[in-house]
Amino acid sequence: MRSSNPVFSRRGFSRDKGYANFNAQQQAGGPAAGTNPYATNPYATNPYAQDATVGAPAQAPARTGAMTIDDVVSRTAITLGTVFVTATLAWFLLPVDAANLGTSYGIGIGAALVAFVFAMIQSFKSKPSPAIILLYAAFEGVFLGVISSAVTTYVSAGAVPQAVLGTMSVFAGVLIAYKMRWIRVTRRFYGFVMAAAIGFVLLMAVNMLFAVFGGGDGLGFRSGGLGIVFGIIGIILGACFLALDFKQVEDGITYGAPREESWLAAFGLTMTLVWIYLEFLRLIQILSGDD
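Residues numbered from 1 in each chain as written. Predicted model: local features only at pLDDT ≥ 70, side-chain atom pairs only at ≥ 80, totals over all residues. Heavy atoms only, no water.

Enquirer: Go over a nonpolar patch on the surface with me, naming the residues and quoting the values.
Expert: Nonpolar side chains collect at one region of the surface, where Phe 84, Val 85, Leu 89, Phe 92 and Leu 93 lie side by side and expose about 600 Å² of accessible area between them. Within the secondary structure, Phe 84 is located in helix H2 (residues 69-93). Accessibility expressed as a relative area gives 58% for Phe 84, which makes it exposed. (Patch = residues over 30% accessible without salt bridge, like charges linked within 9 Å, V, L, I, M, F, W, Y side chains within 5 Å. Areas by Shrake-Rupley, 256 points an atom, 1.4 Å probe, with all protein chains shown as cover. Salt bridge = Lys/Arg side-chain N within 4 Å of Asp/Glu carboxyl O. Helix = DSSP H or I, 4+ residues; strand = E, 2+ residues; numbered from the N terminus. Buried < 20%, exposed > 50% of the residue type's maximum accessible area, 1.4 Å probe, protein only.)

Have a look at this one:
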């Protein structure tokens with residue numbers, strides 16, 4: 001099963017009927033399906049395959065240069081730190097007021113497009129590139145800084161702290177639920193989330209097209225009562241993406257993926273957290289009565 005984030009999908013983190021195998025191609029004479037493609041020990045088996053004698057998962061042996069949770073945490077901190085720094089700079093250097101509104105919005109939208117390009121480049125690369133990932137984070141931060149400044153100026157001074165707190169709460173809640181196994185990431189769960197996400201994105205794209213060519217808020221999916229419903233759905237989808245991301249990180253650590261893969265874990269988590277933050281901002285804007 002592929003991750004919700006295109007970056008994980010390109011790298012081959014996958015599951016098939018509950019067995020993680022990094023989407024490795026099985027070669028003639030190679031290890032049997034379900035074995036760990038990263039382990040140097042040919043007998044290292046799928047950690048999710050049940051041992052018939054003891055009923056416990058068979059654990060693949062650790063190897064040098066493998067990804068650890070510390071690697072994921074440190075890379076994620078660096079990536080999110082870059083987003084925070086550039087967002088703060090954009091907030092103060094690109095004020096969204098009557099005199100600079102057009103310029104600030106133009107730079108913010110341009111930064112979002114550049115960030116999207118870097119995200120796509122990394123998604124199609126065979127190996128993670130820390131430089132590209134950090135460039136994505138930097139430009140994404142500029143966009144978030146401009147949008148956050150605009151919401152603070154024209155909607156509510158407390159919108160940004162509320163959105164940050166909401167994002168942190170969702171992250172913590174999903175992490176606890178995942179560690180307690182209240183959330184089980186299965187193929188069915190993945191299929192449901194991806195189907196819902198595709199439908200959500202398509203509806204938002206159609207709404208945007210109607211808004212651009214017809215004026216107003218298009219079909220009304222991002223304003224009023226309907227906007228509140230879709231805002232909540234967006235946050236729930238973001239929470240589901242986090243669960244998928246946590247699963248990919250867990251599989252990578254269990255299988256001893258190369259340490260460089262931790263950059264992709266950081267990249268995927270950052271994209272998901274940005275999604276949740278933006279959905280919270282939009283929901284707060286609607287609830288504040290400024291559609």
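Still to come is the rest of the account.
Enquirer: Any chance you could break down the pattern of salt bridges for me, citing the residues and the numbers?
Expert: By the definition in use, this model includes five salt bridges. Put simply, Lys 247 and Glu 250 hold a salt bridge, and the shortest N to O gap is 3.0 Å. One end of the pair is Lys 247 and the other is Glu 250, both in helix H7 (residues 224-255) and three residues apart, which spans about a single turn. Of the two residues, Lys 247 and Glu 250, neither departs from the other in class, the shared state being buried. Across the pair Lys 247 and Asp 251 runs a salt bridge, and its minimum N-O distance is 3.4 Å.

Enquirer: Report on the packing of aromatic side chains, specifying residues and quantitative values.
Expert: Within a pair of aromatic rings, the relevant descriptors are the distance that separates the centres and the angle that separates the planes. If you walk through the whole model with that rule in mind, you get seven aromatic pairs. Relative to Phe 246, the ring of Tyr 178 has its centre 6.0 Å away and its plane inclined at 55°; by these criteria the two rings are tilted. Linking Tyr 178 in helix H5 (residues 159-179) with Phe 246 in helix H7, this pair joins segments that are 68 residues apart in sequence. Under the relative-accessibility criterion, Phe 246 is labelled buried at 9%. (Phe/Tyr/Trp six-rings, centres within 6.5 Å; stacked < 30°, edge-to-face > 60°.)

Enquirer: Give a description of unusual backbone geometry that names residues and reports values.
Expert: Despite not being glycine, Arg 181 has its phi angle at roughly 65°, a positive value. On the basis of relative accessible area, Arg 181 is assigned to the partly exposed category, the value being 40%.

Enquirer: So, the nonpolar core: which residues are in play, and what are the values?
Expert: With 47 residues, the main nonpolar core has Tyr 136, Val 170, Val 174, Phe 189, Leu 242, Leu 244 and Leu 281 as its most contacted residues. Among the elements of the structure, H2, helix H3 (101-123), helix H4 (130-154), H5, helix H6 (187-214), H7 and helix H8 (261-287) are those that each provide at least two residues to this core. Here the element with the most residues in this core is H8; it accounts for 13 residues. Among residues more than four places away in sequence, those in contact with Phe 189 are Ile 183, Arg 184, Cys 240, Ala 243 and Leu 244. (Core = buried A, V, L, I, M, F, W, Y, C linked by side-chain atoms within 4.5 Å. Contact = heavy atoms within 4.5 Å.)

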